[in-house]
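# Architecture at a glance
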Amino acid sequence: MSVDRRLTATAKILGHPRNAWYVAAWDHEVTAGGILARTICNTPMALYRTREGRPVALADACWHRLAPLSMGRIVGDELQCPYHGLRFNPAGRCTHMPAQETINPSAAVPSYPVVARYRFLWVWPGDPDLADPELIPDMHQMDDPAWAGDGKLIDAACNYQLVIDNLMDLTHEEFVHSSSIGQEELSDADFSVTHDDRHVTVTRWMRGIDPPPFWRKNIRDKFPGFEGKVDRWQIIHFEAPSTICIDVGVAKAGTGAPEGDRSQGVNGFVMNTMTPQTDRSCHYFWAFMRNYRLDSQLITTQLREGVHGVFGEDERMLKAQQEAIDANPDHEFYSLNIDMGGMWARRILERMIAAEATDVAAG
Ligand code: FES
Ligand SMILES: [Fe+2]
């Protein structure tokens, strides 16, 4: 397999589409009575909940003198500015001004569409009229009763696309994660890539191999004492703009997993969604969901902490890579065969970004 010629040249870092749903927070990060400040796509936002629990995202800068509303307080369903007390309702309209009866009709801050889904709060930083909840990427394993697990948030010191590149090519496991999930067979195994205008899928099977330590433990959680070879899979599902759910697992070798019978194996989904914070940083939300031993909190905790350790290795690499990019502004990216999945994801993003630029130009 060789890289499509059209894919070999790439900008190191692209911008990001604004007309898209991005995860702003885990649902538990925005609690009753609390205000969370978070920057999404270079836009500071203040997130809170109404008395009924509905999540709200307002621009984190007061209409009057730009004081951060996240430093203020919640009054009923409204945010009160910490500086001179202007109040803004969930739609962003000012409802109260100190020492004056009439409210300037232009007094408002942007209010961003928010949807609670899959244990996350999703925001739409772009044109609110286009914010169709149907476009929220599929992460149903997060709250499907057939799956159990948990995850965390990484404040990654890199552009979100570097994380997409990282997850679309898992051969890096051999080098970055050699003590847990890495093994030589990753680089040797052939893979296939399919795509449409919103999705890219990279499929890789490794048959009849020794399980690496992480997977040996997991298959023994389901089949105590298991010894022997396994068939291992990694099926990477990218959905634009920045969600990647990776179907991973191992099954006893030769029991039919590649043909669809996974009953002799263990299966997880590595759920990842990256939200641009600035051009050099992103909020990286991840979880590891499994479909076996659902009631074991011990396994949930062990998997979460195990993956947390693995992702710390990526975090260090991504930060170092971003620093090297900044130090070498003229050096281009070169692409290998392994980059094919990531290159298709970039193509989709380039199209989305170009379409928004055209819309803006057309006025
Ligand atoms: S800056 Fe918010 S009320 Fe003055
Ligand atoms: Fe990794």
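Just so we're clear, the structure is a prediction, and the values are computed from it rather than from any experiment.

### Comments concerning the overall build of the chain
- For the chain, the count of helices and strands is six helices and 18 strands.
- If you line up the chain on its principal axes, its C-alpha atoms span 80 × 50 × 35 Å.
- A buried classification covers 40% of the 363 residues belonging to the chain.
- Pairs at least 24 residues apart make up 58% of the contacts formed inside the chain by residues separated by at least 6 positions.

### A short note on the sheet that holds strand S2 (residues 36-40)
- Read across the sheet, four strands follow the order S2-S3-S4-S9 without closing on themselves; strand pairing throughout is antiparallel. Sheet topology places S2 and strand S9 (111-112) at the edges, where each strand pairs with a single neighbour.
- Note that strand S3 (residues 43-49) and strand S4 (residues 55-59) share five bridges and pair antiparallel. For Tyr48, the partnering residue across the bridge sits in S4 and is Val56.

### Topic: the pairing of S3
- For S3, a buried count of five out of seven residues is recorded, marking the element as mostly surrounded by other parts of the structure.
- Where S2 lies against S3, five bridges are found, and the strand directions are antiparallel. The residue bridging Thr39 from the neighbouring strand is Pro44, located in S3.
- Adjacent in sequence and paired antiparallel, S2 and S3 are bridged by two residues, among which Cys41 carries a positive phi angle near 55°.
- Hairpin connection of S3 to S4: five residues between the antiparallel strands, including Gly53 at a positive phi of 95°.

### Observations regarding the sheet that holds strand S14 (residues 199-209)
- With antiparallel pairing, the seven strands of this open sheet are ordered in space as S12-S18-S17-S16-S15-S14-S13. The open sheet has two free edges, formed respectively by strand S12 (148-156) and strand S13 (191-195), since each of these has just one partner strand. Neighbour-to-neighbour, the strand axes of the sheet open up by a mean angle of 15°, direction not taken into account.
- Pairing between strand S17 (residues 265-278) and strand S18 (residues 281-290): ten bridges, direction antiparallel. Considered in S18, the bridge of Asn272 is made with Trp286.
- Strands S12 and S18 of the sheet are contacted by helix H5 (residues 297-327), whose axis makes an angle of about 25° with S12.

### Focus: helix H4 (residues 213-222)
- Along H4, the residues that are buried comprise Phe214, Trp215, Asn218 and Ile219. Looking straight down H4, one finds its buried side chains confined to an arc of 120°; they lie on one side.

### Some details on the environment of Gly92
- With respect to the helices and strands, the residue Gly92 is situated in the loop between strand S7 (87-88) and strand S8 (94-96).
- Taking the C-beta count within 10 Å as the criterion, Gly92 has 18 such neighbours and is therefore assigned partly exposed.
- Among all residues touching Gly92, those that are not within four sequence positions of it are Leu58, Ala108, Val109, Pro110 and Ser111.

### Things to note about the domain arrangement of the chain
- Per the domain assignment, the segments making up the chain are domain 1 (22-134) and domain 2 (144-357).
- One C-alpha centre belongs to domain 1, the other to domain 2; they are set 33 Å apart.
- Contacts between domain 1 and domain 2 engage nine residues on the former and seven residues on the latter.
- Put simply, the parts of the chain that give the side of domain 1 that touches domain 2 at least two residues each are strand S1 (22-26) and S2.
- Per-element accounting of the side of domain 1 that touches domain 2 gives the leading share, four residues, to S1.

Reading the values: the criteria
- Residues numbered from 1 in each chain as written.
- Chains lettered and ligands numbered in written order.
- Predicted model: local features only at pLDDT ≥ 70, side-chain atom pairs only at ≥ 80, totals over all residues.
- Helix = DSSP H or I, 4+ residues; strand = E, 2+ residues; numbered from the N terminus.
- Buried ≥ 20, exposed ≤ 12 C-beta atoms within 10 Å, placed from the backbone.
- Contact = placed C-beta atoms within 7 Å.
- Pairing = 2+ DSSP bridges.
- Axes fitted to C-alpha atoms, helices over the stretch in contact; angles between N-to-C directions.
- Arc of directions from axis to C-beta.
- Domains from an automatic or database assignment.

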